[in-house]
Amino acid sequence: GQPPKLVVQKPFTKPLVQPSANNQQPVFVECLRTSSPEVVIAVTPRGAQFFAKPDLAPGWVFAGMCPTSAAVAVPQAEGAPDLVWLGRENGRVLLLDATAGTVRAQALLNGAVRKIAVIAGGSAVVGTNRGLYVLGPAPAVHGSYPGAVEDLVVEERGDKTTAYVLNPSGQLRAWRVE
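The shown structure was predicted, so the numbers you read here are calculated from the model rather than taken from an experiment. (Residues numbered from 1 in each chain as written. Predicted model: local features only at pLDDT ≥ 70, side-chain atom pairs only at ≥ 80, totals over all residues. Heavy atoms only, no water.)

1. Quick notes on the overall build of the protein
Going by this rule: Numbering of helices and strands starts at the N terminus; helices are DSSP runs of H or I of at least 4 residues and strands are runs of E of at least 2. All radius of gyration figures rest on C-alpha atoms, and the globule criterion is 2.2 Å times the number of residues raised to 0.38. Any residue under 20% of the maximum accessible area for its type is buried, any over 50% is exposed, and the rest in between are partly exposed; the area is computed with a 1.4 Å probe on protein chains only. In this description, contact between two residues means that some pair of their heavy atoms is separated by no more than 4.5 Å. Residue exposure ignores everything except the shown protein chains as possible cover, and the areas themselves are Shrake-Rupley values with a 1.4 Å probe. Just so you know, the count uses Lys and Arg for positive and Asp and Glu for negative, and it drops His and the chain ends. Where a charge lies is defined by one atom per residue type: Lys uses NZ, Arg uses CZ, Asp uses CG and Glu uses CD.
Along the protein, the regular secondary structure elements total 1 helix and 15 strands. Computed over C-alpha atoms, the radius of gyration of the protein comes to 17 Å, within 12% of the 16 Å expected from 2.2 N^0.38 for 178 residues, which places it in the range of a compact globule. If you line up the protein on its principal axes, its C-alpha atoms span 45 × 45 × 40 Å. The buried share of the protein, taken over its 178 residues, is 40%. Counting only contacts in the protein whose residues sit at least 6 apart along the sequence, the fraction spanning at least 24 positions is 34%. Taken as a whole, the protein presents about 9,800 Å² of accessible surface, with 53% of it coming from carbon and sulfur. Each charge class in the protein was averaged separately, 16 positive and 13 negative side chains, and the resulting centres sit 7 Å apart.

2. So, the pairing of strand 6 (residues 83-88)
Sheet faces and side chains relate simply in a regular strand, where the side chains alternate between the two faces. Rule in force here: Pairing between strands requires that DSSP locate at least two bridges from one strand to the other.
Counting buried positions along strand 6 yields 6 of 6 residues, so the element is predominantly enclosed. With burial as the criterion, each face of strand 6 is covered, one bearing Leu83, Trp85 and Gly87 and the other bearing Val84, Leu86 and Arg88. Relative to strand 6, strand 5 (residues 68-74) is paired through 6 bridges, and the arrangement is antiparallel. When the sheet's bridge partners are listed, Thr68 is paired in strand 6 with Arg88. Of the pairings in the sheet, the one linking strand 6 to strand 7 (residues 92-97) comprises 5 bridges and is antiparallel in character.

3. What to know about the packing of aromatic side chains
The criterion, for reference: Side-chain rings of Phe, Tyr and Trp (the six-membered ring for Trp) are treated as a pair once their centres are within 6.5 Å; stacked means planes under 30 degrees apart, edge-to-face means over 60, and tilted covers the remaining angles.
Under the definition given, this model contains 2 aromatic pairs. Their ring planes at 45° and their centres at 6.0 Å tell us that Phe50 and Trp60 sit as a pair that is tilted. Taken together, the residues span a long stretch of sequence, with Phe50 in strand 3 (residues 47-52) and Trp60 in strand 4 (residues 57-63) at a distance of 10 residues. Both residues of the pair, Phe50 and Trp60, count as buried. Ring geometry for Tyr145 and Trp175: centres 4.8 Å apart, planes at 40°, overall tilted.

4. Let's talk about the sheet that holds strand 4
The following threshold applies: Angles run from 0 to 180 degrees between N-to-C directions of axes, and those axes are lines fitted to C-alpha atoms, restricted for helices to the stretch in contact.
As summarised here, the arrangement of the 4 strands in space is 1-2-3-4, forming an open sheet in which the pairing is antiparallel. Two strands in the sheet have a free side with no partner beyond their single neighbour: strand 1 (30-35) and strand 4. The average undirected angle you get between the axes of adjacent strands in this sheet is 20°. Of the strand pairs in this sheet, strand 3 and strand 4 are connected by 5 bridges, and their pairing is antiparallel. Note on strand 4: the bridge partner recorded for Ala48 is Phe62.

5. Observations regarding the environment of Phe12
By secondary structure assignment, the location of Phe12 is in the segment before helix 1 (14-17). By relative accessible area, Phe12 is classed as partly exposed at 24%.

Structure, rendered in structure tokens:
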């Protein structure tokens with residue numbers, strides 16, 4: 001096979017690439033693809049930026065003082081803009097409109113957000129360094145479970161949802177999400 005060929009390259013807007021307090025460049029959190037609109041959203045600890053496909057024309061920037069630590073894109077019904085969940089080190093979870101970059105809703109959880117997984121109906125399972133939370137699409141907390149989360153994955157089978165959680169002590173736990 002042929003090696004990859006660079007097609008286009010665009011820089012980030014300044015608020016997203018300024019060095020951190022110890023003068024290190026930011027580590028990238030996630031690269032998200034949405035279909036409505038057709039964009040790529042690059043997420044750094046300083047926030048997120050919209051890049052329209054195919055030429056990666058830069059668009060909105062969502063920046064903040066508290067580092068962003070988790071992100072996931074959520075496809076919506078035909079004609080509706082996709083949504084983006086962002087999680088922050090201060091426990092704040094934000095739900096953004098992918099078209100405008102505006103905040104639709106937010107919640108404050110106990111602990112730094114480590115991972116976000118979306119489940120049926122637009123709800124999310126969010127892992128923090130202090131626990132596992134189930135958020136409704138508003139997002140309001142519908143349930144929580146104690147224990148630090150390093151990573152998680154969600155499986156939905158029929159009417160049962162299970163969250164598989166890795167914790168810092170080296171255990172894998174399975175939680176039934178109601």
